[in-house]
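For reference, the chains in residue letters:
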Amino acid sequence: MTVAKLTAGANASFITKAVSHHLFRPLAALGVLLLIDFLLIPGFFRLEIKDGHLYGALVDIVNRAAPLMLAAIGMTLVIATRGIDISVGAVVALSGTVASMLIGGTMVIQDGVPVYVAETPMLIAMAAALGAALLCGLWNGALVAGLGLQPIVATLILMVAGRGLAQLLTDGQIVTVYYQPFFFLGSGYLFGLPFALFVVAAVFGVTALLLRHTALGLFIQAVGINPVAARLAGIRTAALIVFVYVFAAACAGMAGLMISSNVKSADANNAGLMLELDAILAVTLGGTSLAGGKFSLAGSIIGALIIQTLTYTIYSLGVPPEVNMVVKSVVVFLVCISQSDQFKNLWKRRAA
Amino acid sequence: MSARLHHARRLSKAPSFTSMVTVVLLGAMLLVGGALYEGFLSLQVMLNLLIDNAFLLVIAIGMGFVILSGGIDLSVGAVLALSTMIAAWLLQVAHWPPLAVIAIVLLLGAAFGGGMGAIIHYFRLQPFIVTLAGMFLARGLCYLISIESITIEDPLFVAMSQTQIEFFGAFISPGALIALGMLAFAIWLAHYSGFGRAVYAVGGNEQSAAMMGLSVGRTKMAVYAFSGFCASLAGLLFAFYMLSGYGLHAQGTELDAIAAVVIGGTLLTGGYGYIAGALSGVLVLGTIQTLIAFDGTLSSWWTRIVIGGLLFVFCVVQRVMSFKSK
């Protein structure tokens, strides 16, 4: 044993360090997927510049993963406190609906050219949509922290009622937006890259800064590891829990704006359908423990990219897209089982 | 006066309080409906509540057991859809005899549930994430069989769908009778069998149950297998009702079932509640839908909003009750 260690030298210790890093597994999974794409899909890694924009499969994947990445960032914090938020999809539908209804678009003839004008100034409309999302988060947080309901039940209420409320607002219709500037958020380009990516990067950066440079990250971890001990240690657990749900809802609200801006409409029935499941999946894939306490923001982003790459791969290989769900579920089973202590013990016993 | 107050206070603390609230609520809703709309309180409308919600009742029974054991099963709606799909495919494409199809579908449902239960138990995973993955898997498998809806033309299934059994001048469907039979069996199972007692014990406190010598693992697996069985039976009832198999059938049914169980007075933390509550919960949900249908001016999304509101009220009542008892 010692001889082997000595001969392998510094190289081996670097490898063991890399393997034991918490991002190793998600990155390896993404790497394997990309390798499969590289081997099977011709021109997968080709990037070209058309009309000043960067085009290519990779850009497409990252762009399409943007709403999921936002939702996953919010979900990470909730799961880190031992919670879960299954109302993400409903919040997406609600915020998209509010924004689309307020902006809408009326046709005005300017200098003989038909131009669409927003019914409400766009910034106010977007603020209102985010405000609605914040209210949703406050509601979830109050139920979990104030009433002490189990998170899955507390957010189930909004999941059931939220879409109903959104449909109530639109009278069950799909709301179409005609106002051009609104589309920039979901399909615009900045410096040749999709604008949505800058939004995700900004949210990720601010969140990571908050977690690293304030005590917030530590508090969240403490609450996730042992809520009672955290409260006894003087952490205002209730306020913290309300905060993470509000934060998750804000992320979902932004994702809702992005989705409705991308499809230029709001469909209360289908917008963000099953997004909560994908977000939970992304967070789990990224190595965040569902038991709380151990979390990784970067891991969740990688998780979201894995999901989107998987979807892209399945589509481009010509496999029926329905297989996607089966593959996803098998991946969840495998990841969860491999995370469990029982499995690790089994593995250790086998190796010993 | 004080005696009456004392009595009222004792009543509100009684274990069956939320269940009684639900029954009173159901009665009140029916009376309001009867007062507002002509013909609402007819026997046929009441029986239609059962006919239209037979599948939901069966699913809620299975969900009731799972929640009593302290778990949750999010896969039931997807298993229902998968069952309709497998039944339709075996009947229409493989031309199996209908009775064999029914047996196979029920077996597969129980095996699917039992498999999830085994993963939950052996790897100590949260039921919610495992059954969520199960939901993805079952829906995905539906589409692997066929993306389109498959119409069922088997004579037995058609007969089950069209038979109307006379009942005091009104009629009831065989599916509703099967659901009621299942309810009777489940009440016996929960309150008069060793399995039922084990489920309550595991839901009340898993460690105590294990120390008492109960086989926690076997009980948990059996509970999920039972829920899977109920979901596939509900799938068959749904197939009788719709005469088709389709991957998009019964979306969101798991939420309705959870709502029905909670409204029926079962504590979400497990170990406490009545299986019969599933019936009152399902009837409350069905009555809301019927009221909205009778009104005609209210749109369908009001159903979701009202169910969400009811869920909220009942969760709050449950919490307040458990605060009091502490």
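All figures in this text were calculated on a predicted structure; none of them were measured in a lab.

Student: Explain the overall build of chain A here, please?
Tutor: Scanning chain A from N- to C-terminus turns up 16 helices and eight strands. Taken over C-alpha atoms, the radius of gyration comes to 22 Å for chain A, in line with the 20 Å a tight globule of 352 residues would show. In terms of overall dimensions, chain A has a C-alpha envelope of 85 × 55 × 40 Å along the principal axes. Counting all 352 residues of chain A, 45% fall into the buried class. Put simply, of all contacts in chain A between residues at least 6 apart along the chain, 76% involve residues at least 24 apart.

Student: What's the story with the overall build of chain B in this structure? I'm lost.
Tutor: Each helix and strand counted, chain B has 15 helices and four strands in total. The C-alpha radius of gyration of chain B comes to 20 Å, within 12% of the 20 Å expected for a compact globule of 326 residues. Counting over 326 residues, chain B shows a buried share of 51%. Here the analysis covers contacts within chain B between residues at least 6 apart in sequence; of these, 79% occur between residues at least 24 apart.

Student: Looking at this structure, I do not really get the confidence of the model for chain A. What am I missing?
Tutor: Atomic detail in the predicted coordinates should be set aside for any region of low pLDDT. Residue and element names in this part refer to chain A. For chain A, the average pLDDT comes to 79, and 90% of its residues sit at 70 or higher. Per-element confidence in chain A ranges from a low mean pLDDT of 60 for helix H1 (residues 2-20) to a high of 89 for helix H4 (residues 66-80). Counted against residues more than four places away or in other chains, residues 1-6, with its pLDDT under 50, gives one contact.

Student: Would you take a moment to explain helix H13 (residues 253-263) of chain B for this structure?
Tutor: Note on helix geometry: an α-helix contains 3.6 residues per turn, so any two residues three or four positions apart are oriented the same way. All names here are of chain B. Across the eleven residues of H13, eleven count as buried, placing the element largely inside the fold. All of the buried residues in H13 are Thr253, Glu254, Leu255, Asp256, Ala257, Ile258, Ala259, Ala260, Val261, Val262 and Ile263. Once H13 ends, the next one or two residues include Gly265, with phi positive near 100°.

Student: So what exactly am I meant to see when it comes to H4(A) here?
Tutor: Helix length check: H4(A), at 15 residues, gives a terminal C-alpha distance of 21 Å against a target of 21 Å (1.5 Å per residue), a fit within 8%. At the exit of H4(A) stands A:Arg82, carrying a positive phi of roughly 70°.

Student: Help me out: how do you make sense of unusual backbone geometry in this one?
Tutor: Peptide bonds are, in most cases, trans, and in most cases residues other than glycine have a negative phi. All names here are of chain B. You will see that His95, though not glycine, has its phi angle at about 55°, which is positive. Following the sequence through the fold, His95 ends up in the loop between helix H5 (76-92) and helix H6 (98-122). Residue Arg124 is not a glycine yet carries a positive backbone phi of 50°. Within the fold, Arg124 resides in the loop between H6 and helix H7 (127-145).

Student: Please explain the interface of chain B and chain A as it appears in this structure.
Tutor: One widely used convention gives an interface's size as the accessible area the parts lose upon coming together. Taken together, the 35 residues of chain B in the interface contact 32 residues of chain A. Elements supplying a minimum of two residues to the side of chain B that touches chain A: H6, H7, H13 and helix H15 (301-325) of chain B. Per-element tally for the side of chain B that touches chain A: the top contributor is H7(B), with twelve residues. Taken together, the residues of the side of chain B that touches chain A sort by class into 26 nonpolar, five polar and four charged.

Student: Before we go on, may I ask you to explain the packing of H6(B) against helix H12 (residues 216-242) of chain B in this structure?
Tutor: Any two packed helices are characterised by the angle at which their axes cross and by the distance between the axes. Relative orientation of the contacting elements H6(B) and H12(B) amounts to 145°, with a least axis distance of 7 Å. With respect to the hand of their crossing, H6(B) and H12(B) are arranged in right-handed fashion.

Student: In this structure, what is going on with the confidence of the model for chain B? I would like to understand it.
Tutor: Mean pLDDT for chain B: 85, with 94% of residues reaching 70 or above. Both scores are given for the predicted complex: the pTM is 0.82, the ipTM 0.75.

Student: What should I look at first to understand the nonpolar core in this one?
Tutor: Nonpolar side chains in soluble globular proteins tend to be buried together. Residues B:Val58 and B:Ile59 are the most contacted members of the largest nonpolar core, which totals 218 residues. Ranked by residues supplied to this core, first place goes to helix H12 (residues 237-263) of chain A with 17 residues. Once you skip the residues sitting within four places of it in the chain, B:Val58 turns out to touch B:Ala179, B:Met182, B:Cys230, B:Leu233, B:Ala234 and B:Leu237.

Student: Before we go on, may I ask you to explain the environment of B:Ile275 in this structure?
Tutor: Residue and element names in this part refer to chain B. Of note, Ile275 is situated in the loop between H13 and helix H14 (277-295). In sequence terms Ile275 and Glu38 are 237 residues apart; their C-alpha atoms lie 33 Å from each other. Apart from residues lying up to four places away in sequence, Ile275 is in contact with Ile61, Gly64, Ala186, Ile187 and Ala190.

Student: What is the right way to look at the packing of helix H5 (residues 88-103) of chain A against helix H6 (residues 122-146) of chain A in this model?
Tutor: Residues and elements named next belong to chain A. Look at H5 against H6: their axes get within 8 Å of each other, and the N-to-C directions meet at 155°. What the angle tells us is that H5 and H6 run roughly antiparallel. The hand of the H5/H6 crossing is right-handed. On the side of H5, the interface is formed by Val91, Leu94, Ser95, Val98, Ala99, Leu102 and Ile103, while H6 contributes Met122, Ala125, Met126, Ala128, Ala129, Leu130, Ala132, Ala133 and Cys136. Looking at the contact of H5 with H6 residue by residue, the class counts come to 15 nonpolar, one polar and no charged.

Student: Can you help me understand the environment of A:Phe44 in this one?
Tutor: Residue and element names in this part refer to chain A. Examined against the element boundaries, Phe44 turns out to sit in the loop between helix H2 (24-40) and strand E1 (48-50). Note: C-alpha distance between Phe44 and Gly56 (twelve residues apart in sequence) is 7.5 Å. Residues in contact with Phe44, not counting those within four places in the same chain, are Asp37, Phe38 and Ala57.

Reading guide: rules and limits
- Residue positions within a chain follow its written sequence, with the count starting from 1.
- To read the labels, note that chains go from A and ligands from 1, taken in the order they are written.
- Given that the model is predicted, a residue must reach a pLDDT of at least 70 before its local features are reported, and side-chain atom pairs must reach 80 or more before they are shown or counted; all residues, however, enter totals for whole chains, interfaces and linings.
- Helix and strand labels come from DSSP, where a helix needs a run of H or I of at least four residues and a strand needs a run of E of at least two; each type is numbered from the N terminus.
- The quantity called the radius of gyration is restricted to C-alpha atoms. Its globule counterpart is 2.2 Å times the number of residues to the power 0.38.
- Neighbour counting defines burial: a residue surrounded by 20 or more other C-beta atoms within 10 Å of its own C-beta is buried, one with 12 or fewer is exposed, and intermediate counts give partly exposed, using backbone-placed C-beta atoms.
- Any two residues are considered in contact once their C-beta atoms, placed from the backbone, lie within 7 Å.
- Confidence of the predictor in every single residue is expressed as pLDDT, which spans 0 to 100.
- A helix is expected to span 1.5 Å multiplied by its residue count minus one.
- Under the grouping applied here, Gly and all other residues not named as nonpolar or charged are polar, the nonpolar ones being Ala, Val, Leu, Ile, Met, Phe, Trp, Tyr, Cys and Pro and the charged ones Asp, Glu, Lys and Arg.
- All axes are obtained by fitting lines to C-alpha atoms, using only the stretch in contact for helices, and the reported angles, taken between N-to-C directions, cover 0 to 180 degrees.
- Handedness of each helix crossing follows the sense of rotation of the near helix against the far helix: counterclockwise by less than a right angle gives left-handed, clockwise gives right-handed.
- Nonpolar core, as used here: buried Ala, Val, Leu, Ile, Met, Phe, Trp, Tyr and Cys residues forming one set through C-beta atoms within 7 Å.
- Here the angle decides the label: under 35 degrees means roughly parallel, over 145 means roughly antiparallel, 65 to 115 means roughly perpendicular, and every other value means oblique.

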